[in-house]
Amino acid sequence: MKKTRFNFYFPILYYFGEFLVIFLSTHIMLAYTFTKWTYVNNLFIAFWFLISIALKSHVVGRDIKKWNLIKSTLKSLFLFSGFVSILNLLFYRMEFYLLTIIIAAALFYFLMLLYKLTVDTILEKYRATGGNILKCLIIGNNDHGSDLFNEILKFPELGYRANGVYSYNKKNKPNSVPYLGSFKDLSDDQISQFDRIFFSNKISLKSQENIILKADKLNIKVSYVPDLVFYDFKNFFISKISTVPYISINKLPLDNIFNLYAKRSFDIVFSFLVITLILSWLTPIIGIIVKLSSKGPVFFIQKREGYRGKIFECIKFRTMVPNSMSDTKMADDNDERLTKFGKF
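Enquirer: Honestly, the overall build of the chain in this entry has me stumped. Any pointers?
Expert: If you tally the helices and strands in the chain, you get nine helices and ten strands. A buried classification covers 31% of the 344 residues belonging to the chain. In the chain, the proportion of contacts linking residues at least 24 apart, taken out of those at least 6 apart, comes to 60%.

Structure (structure tokens):
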């Protein structure tokens, strides 16, 4: 893809805008709490930019819906908040009133969401008026080519532009969209004027191969329009097994690496808080009650099926007298094996 001034300057301007947002929200909170700027504020800002750059926040998709943009932004904010909380808990131990934390988070979240939505809206207006556009070469004088051309005309804010469709080598004209001729008649100089090539998978495999080779030679991104059902309702993800490509129709929440790490971070933080704040004093109390209510160990260990069918040992407080059927027979409220504490 050709590098443009927009590709060079936009990331710089975008991250400068993010800096202004976090700088402004930090100063508002410092004024609200009557505190001064310290090196900790510098660390938090640097940490935010590490997350933002790692997640490539400046890459705003051309076809991203506003709600999806809000969700992706909230994910970044939650990840940042979680790590800041962990760092503060482990190293700084700064204490704040709950109301102060809520106000600070709400202010930062609101300003960052407002900034992201504003940038997305400005980009849409900029692309609709002819800025940051991608000139598209559409190959396929069939319903694929016609549908893609009509969608490009329908949504100019996405920044795609096309004057019509090409066939690969035939001269028959489509009925509903402008026909521009044969792809094979185009010179390399003419093709190199385009930023993106789209072709229909209904054309012959040999033609598809030639288009890809030509795109590789000219360093142009190439994509093909598949003949799939339900494409209005699903996202598609292309993968390969060795040299064989396949299309995944759906994507599970934990397939997203961000979701996976966010969930894992939450599990660790929440478990740590429960263990230190609740179980640290509740476990000895329940253990004493279990020992006083009946003879036997405090804990009962049972095998359970976990993630991807992996068997693990689940440790529970014992609520029944030791017996040989604990792993095979389910207990009910009137089970004779229950201890007094277990019935309670």
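Enquirer: Teacher, can you tell me more about the pattern of salt bridges here?
Expert: Counted according to the given criterion, the structure contains seven salt bridges. Ionic pairing is found between E124 and K66, a salt bridge with its closest N-O pair at 3.3 Å. Taken together, the residues span a long stretch of sequence, with E124 in helix α4 (residues 98–128) and K66 in helix α3 (residues 66–92) at a distance of 58 residues. Classification of K66 as partly exposed rests on a relative accessible area of 31%. Taken together, the shared-partner salt bridges connect K66, D120 and E124 into one network.

Enquirer: Could you clarify how one ought to interpret the packing of helix α1 (residues 5–33) against helix α2 (residues 39–54) in this entry?
Expert: Axis separation between α1 and α2 bottoms out at 11 Å; the angle between their running directions is 145 degrees. As for how α1 packs across α2, the hand of that crossing is right-handed. Where α1 approaches α2, its residues Y15, E18, F19, I22, T26 and L30 are matched on the opposing element by N41, I45, W48, F49, S52 and I53.

Enquirer: Could you clarify how one ought to interpret the environment of I315 in this entry?
Expert: Along the chain, I315 turns up in strand β10 (residues 311–317). When its relative accessible area of 58% is taken as the criterion, I315 is described as exposed. Sequence separation of I315 and K303 is twelve residues, and the distance between their C-alpha atoms is 8.8 Å. Among all residues touching I315, those that are not within four sequence positions of it are F299, F300 and I301.

Enquirer: Looking at this structure, I do not really get the environment of I86. What am I missing?
Expert: On the secondary structure map, I86 appears in helix α3. On the accessibility criterion, I86 (23% relative accessible area) is partly exposed. Sequence spacing of I86 and I268 is 182 residues, and the spatial spacing of their C-alpha atoms is 9.9 Å.

Enquirer: Explain the pairing of strand β6 (residues 221–225) to me, please; I cannot follow it from the model alone.
Expert: Moving residue by residue along a regular strand, the side chains alternate between the two faces of the sheet. Here strand β5 (residues 196–200) runs beside β6; their pairing, made up of five bridges, is parallel. Across the sheet, I197 pairs through a bridge with V222, a residue of β6. Handedness of the β-α-β unit built from β5, helix α7 (residues 205–218) and β6 comes out right-handed.

Enquirer: Could you clarify how one ought to interpret the side chain of T26 in this entry?
Expert: For T26, the position within the fold is in helix α1. The exposure class assigned to T26 is buried, which follows from its relative accessible area of 16%. Residue contacts for T26: discarding those within four places in its chain leaves W37 and N41.

Enquirer: Would you mind showing me how to read a nonpolar patch on the surface here?
Expert: On the surface, F272, L273, I275, L277, I278, L279, W281, I285 and I289 cluster together into a nonpolar patch covering about 810 Å² of accessible area. The residue I285 is located in helix α8 (residues 257–293) in this model. Overall, the relative accessible area of 43% leaves I285 in the partly exposed class.

Enquirer: How do you make sense of unusual backbone geometry when you look at a structure like this?
Expert: Positive phi is not limited to glycine here, since N132 has a value of about 50 degrees. Secondary-structure assignment places N132 in the loop between α4 and β1 (134–139). Located in the positive-phi region is N219, a residue other than glycine, with phi close to 60 degrees. With respect to the helices and strands, N219 occurs in the loop between α7 and β6. Of the residues examined, N219 reaches a relative accessible area of 58% and is grouped as exposed.

Reading guide: rules and limits
- Residues numbered from 1 in each chain as written.
- Predicted model: local features only at pLDDT ≥ 70, side-chain atom pairs only at ≥ 80, totals over all residues.
- Heavy atoms only, no water.
- Helix = DSSP H or I, 4+ residues; strand = E, 2+ residues; numbered from the N terminus.
- Buried < 20%, exposed > 50% of the residue type's maximum accessible area, 1.4 Å probe, protein only.
- Contact = heavy atoms within 4.5 Å.
- Salt bridge = Lys/Arg side-chain N within 4 Å of Asp/Glu carboxyl O.
- Axes fitted to C-alpha atoms, helices over the stretch in contact; angles between N-to-C directions.
- Left-handed = near helix turned anticlockwise from the far one by under 90°.
- Pairing = 2+ DSSP bridges.
- Right-handed = clockwise from strand over helix to strand, strands pointing away.
- Patch = residues over 30% accessible without salt bridge, like charges linked within 9 Å, V, L, I, M, F, W, Y side chains within 5 Å.
- Areas by Shrake-Rupley, 256 points an atom, 1.4 Å probe, with all protein chains shown as cover.

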